[in-house]
Amino acid sequence: MTEYGKNAPLSYNEYLKVPELIRLQQTLSEPTSHDEQLFIIIHQTYELWFKQILHEIDASCVWMDEGRMFRANHSLRSVVGIEKVLVTQIHILETMAQIGFLEFRDKLNPASGFQSMQFRELEFASGAKDENILRFFEYDEFAHKRLQERFDAPSLADKFWNLLERNHFDISTEAKRVEAVVEILTHPEKYPDLFNMQDLLIEHDENIALWRYHHVLMVERMLGMKRGTGGSEGSGYLRTTLSKKFIPELWEARTHLKIQN
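The paragraphs below set out a description of the structure included in this document. (Residues numbered from 1 in each chain as written. Predicted model: local features only at pLDDT ≥ 70, side-chain atom pairs only at ≥ 80, totals over all residues. Heavy atoms only, no water.)

Here the focus is unusual backbone geometry. Note the cis peptide between Glu 30 and Pro 31, where omega equals 0°. By the secondary structure assignment, Pro 31 is in the loop between helix H2 (18–21) and helix H3 (36–65). Even without glycine at this site, Lys 17 takes up a positive phi of about 55°. Looking at where Lys 17 falls in the secondary structure, it is placed in the loop between helix H1 (12–16) and H2. The backbone phi angle of His 168 is positive, close to 70°, even though this residue is not glycine. By the element assignment, His 168 lies in the loop between helix H9 (156–166) and helix H10 (174–186). Judged by its relative accessible area of 76%, His 168 is exposed. (Helix = DSSP H or I, 4+ residues; strand = E, 2+ residues; numbered from the N terminus. Buried < 20%, exposed > 50% of the residue type's maximum accessible area, 1.4 Å probe, protein only.)

Another point: the nonpolar core. By size, the foremost hydrophobic cluster in this structure holds 59 residues, and its most contacted members are Trp 161, Leu 164, Phe 169, Leu 194, Met 197 and Leu 201. Listing elements by their share of this core, those giving two or more residues are H3, helix H4 (69–93), helix H5 (98–105), helix H6 (117–126), H9, H10, helix H11 (192–223) and helix H13 (248–256). Dropping the residues within four chain positions of it, Leu 164 is found in contact with Phe 169, Ile 171, Ala 180, Ile 184 and Leu 194. Of all hydrophobic cores here, the second largest spans 8 residues; its members include Met 117, Phe 124, Leu 147 and Phe 151. (Core = buried A, V, L, I, M, F, W, Y, C linked by side-chain atoms within 4.5 Å. Contact = heavy atoms within 4.5 Å.)

Structure follows, in structure tokens:
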């Protein structure tokens, strides 16, 4: 066994690029505001989690195509687990002093969380595609290319419906898709893998809705009704996103579920 610290072929710091990682928090305030580093670390952490969520969604889509529902559900379970962390992570931002946040907030203009390419990828990959958001990124070549690819590719929602079709469900209209989900909800023992999948998909949808809601409350707690750094209406804009759904038919099916006689 190699003696610890001597001639090691690989170290923890090297493998995880720790020296590079801890140099990435570059503050803009002068003198540096105490809370700016926390603000940067939280958002960089979000971007890393978004990367992993996209990795798991992409894997789920491949496994759905291959009919490997256990593997698809396993990745979806990772997605919802990460998202629970995302929701609780928002509250760490609330530990900043409001006046401390204002010490560096103006330095962020015109950057905005609206510009998070990976969060928009997450939306597109899940089924919520918006051409207006795609056009917003036209002047960022790197981001626009990635988002265009996501926009053009089948989403997680598309893959789910294709899987149901291969399992002999009629998914030709929205009403038929709702009926298919009702059938799965009514007979979970008959469709155990599909039942678990739709449950994980609606939890994915719910977790992102919770993240949006907690984000709105955090913004209002920190900033009231101030405009966003990117020129948006701040919390006013964020509240307009709360009703977004990735797979609305999953939610609608609950309305039509009845006890079978």
